[in-house]
Amino acid sequence: MRNFEYYTPTQVVFGKDTHLQTGSLLKKYGAKKVLIHYGGQSAVRSGLIDEITSNLRESDLEYVTLGGVVPNPHLSKVREGIELCRKENVDFILAVGGGSVIDSSKAIGYGVANPDNDVWDFCLKKAVPTGCLPIGVILTIAASGSEMSSSSVITNEETKEKRGCAKTDYCRPKFAILNPRLTYTLPQYQTESGCVDILMHTMERYFVNIETMEITDSISEALMQTVIYNARILMKEPENYSARAEIMWAGSLSHNGLTGCGTGGGDWACHQLEHELGGVYNVTHGAGLAAIWGSWARYVYEVNPERFAQFATNVFDIPCGTDYKETALAGIVAMENFFRSVEIPTSLHELGLDLTDQQIHDLAFKCSFEDTRTIGVFKQLNMRDMEKIYLMAR
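Residues numbered from 1 in each chain as written. Predicted model: local features only at pLDDT ≥ 70, side-chain atom pairs only at ≥ 80, totals over all residues. Heavy atoms only, no water.

Concerning the sheet that holds strand β3 (residues 62-66)
Logical step 1: The strand order across the open sheet formed by six strands is β1-β8-β5-β4-β2-β3, and the pairing between neighbours is parallel. In this open sheet, the two strands that pair with only one neighbour each are β1 (11-14) and β3. On average, adjacent strands in this sheet sit at an angle of 20° to one another, irrespective of strand direction.
Logical step 2: Bridging between β1 and strand β8 (residues 175-178) involves four bridges; their strand directions are parallel. Directly across from Val 12, in β8, lies its bridge partner Ala 176.
Logical step 3: Docked against the sheet, helix α4 (residues 75-88) engages β2 (33-38) and β3, running at close to 160° with respect to β3. (Pairing = 2+ DSSP bridges. Helix = DSSP H or I, 4+ residues; strand = E, 2+ residues; numbered from the N terminus. Axes fitted to C-alpha atoms, helices over the stretch in contact; angles between N-to-C directions. Contact = heavy atoms within 4.5 Å.)

Following this line, the structure appears as structure tokens:
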């Protein structure tokens, strides 16, 4: 098994009404003037932003606000936030939302703390940040796990490139407030897409072609079973607090490094393939992952069918005989059937994309960085492989 490092410094405050502790947490971490960064008007209409600003005033904290973050968060909004923070002498960023808001906040933090660099250069790997403004999170969507991760993904809407920003510990949130009640008003599609994202963060680390740790595998398999079980509950009971709580905590655990201990880092091919869909066609991230996953799995499973058979047996209770390939395929079908059961697409057509051969070629060309890189570790994929997977996913 591989050596690993595990570092998860974020303070988690979990439960009902925990967002009312925001002011005291900000003061604990030395904030004096805060940027409250959020997405659409739902955070305003629900009264959440008013609750937070009132809480900050009671704690004698200054603040400015910047809303308007969209899914697949835009570089232009990041630049706007950097400019606002510099103008207002902001020293702390409070992200109120899901992964897009948190990722935008991290990129803003990088930009402010590194004034001699253009923030997009961190996404293109042309520069490495040397710091980040401190960040706190009030989570309103269980999906990305960005509230405990070192990851941030930004979309350049001019070039239609969706790229991971610098991956450093500088951007790890100081605290994350997880109140499951704040997710009650989410549309069903967003809720279930978030569940898929959580599953995929786990599966990307799980499907590796090396010896792994039994304890890490067991944690991953239990996490996946928990998400699948509770995602189905939320289809019928969107205000089921217990189910919301299980999903929210699973989202954080899926992407804070825990399920990657001893796996060598994970595969991440599906994420790379989906990033091109998100950047060009602005699809919902979790749904895009579901639309790609089955085709990727069928394309690579024969490299190590035993691993897929273990997944089928331990996650879906599919009996495993001597034919590992048969069991592996049954597990892939079971996961796709789960996606369908929560009304999430399993193909590009169901995602709303009917792509031409040329459009698919262009996606593969972009994903391979113009045929200069491979992706994945379970099976290394070159540009031709990527194109075949996109074609299978149609």
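Notes on the state of the cysteines
Logical step 1: For the structure shown, the criterion picks out zero disulfides.
Logical step 2: Distance from the sulfur of Cys 123, which forms no disulfide, to the nearest cysteine sulfur (Cys 165) is 3.5 Å.
Logical step 3: No disulfide involves Cys 270; its sulfur sits 10 Å from that of Cys 367, the nearest cysteine. (Disulfide = S-S within 2.5 Å.)

Concerning the environment of Glu 80
Logical step 1: Mapped onto the fold, Glu 80 is located in helix α4.
Logical step 2: With a relative accessible area of 37%, Glu 80 lands in the partly exposed category.
Logical step 3: With 14 residues separating them in the primary sequence, Glu 80 and Leu 66 have C-alpha atoms 8.7 Å apart. (Buried < 20%, exposed > 50% of the residue type's maximum accessible area, 1.4 Å probe, protein only.)

A short note on unusual backbone geometry
Logical step 1: Here Asn 89, not a glycine, exhibits a phi torsion of approximately 55°, which is positive.
Logical step 2: Structurally, the position occupied by Asn 89 is in the loop between α4 and β4 (92-97).
Logical step 3: For Asn 89, a relative accessible area of 62% translates into the label exposed.
Logical step 4: Here the phi dihedral of Lys 160 falls at roughly 60°; this positive angle occurs in a residue that is not glycine.
Logical step 5: Position of Lys 160 relative to the elements: it lies in the loop between β6 (153-156) and β7 (161-164).
Logical step 6: A relative accessible area of 41% means that Lys 160 is categorised as partly exposed.

Regarding the packing of aromatic side chains
Logical step 1: Scanning the entire structure with this criterion turns up 18 aromatic pairs.
Logical step 2: Three or more aromatic residues joined by ring pairs make a cluster, and in this case those are Tyr 206, Phe 207, Trp 293, Trp 296, Tyr 301, Phe 308, Phe 311, Phe 316 and Phe 378.
Logical step 3: The ring of Tyr 241 has Lys 16 sitting right over it, with the charged end atom 4.6 Å from the ring centre.
Logical step 4: Just above the ring of Phe 369 sits the side chain of Arg 373; from NZ or CZ to the centre is 3.8 Å. (Phe/Tyr/Trp six-rings, centres within 6.5 Å; stacked < 30°, edge-to-face > 60°. Lys NZ or Arg CZ within 6 Å of the ring centre and 35° of its normal.)

Description of the pattern of salt bridges
Where charged atoms from two side chains of opposite charge come close, those side chains can pair.
Logical step 1: Tallied over the full model, the rule gives twelve salt bridges.
Logical step 2: Between Arg 307 and Asp 217 there is a salt bridge; the shortest N-O distance is 2.8 Å. Taken together, the residues span a long stretch of sequence, with Arg 307 in helix α12 (residues 305-316) and Asp 217 in helix α8 (residues 214-236) at a distance of 90 residues.
Logical step 3: Its relative accessible area of 6% is what places Arg 307 among the buried residues.
Logical step 4: Residue class for Asp 217 comes out buried when judged on its relative accessible area of 6%.
Logical step 5: Shared partners join several salt bridges into a network, and the residues in it are Glu 161, Arg 163 and Glu 276. (Salt bridge = Lys/Arg side-chain N within 4 Å of Asp/Glu carboxyl O.)

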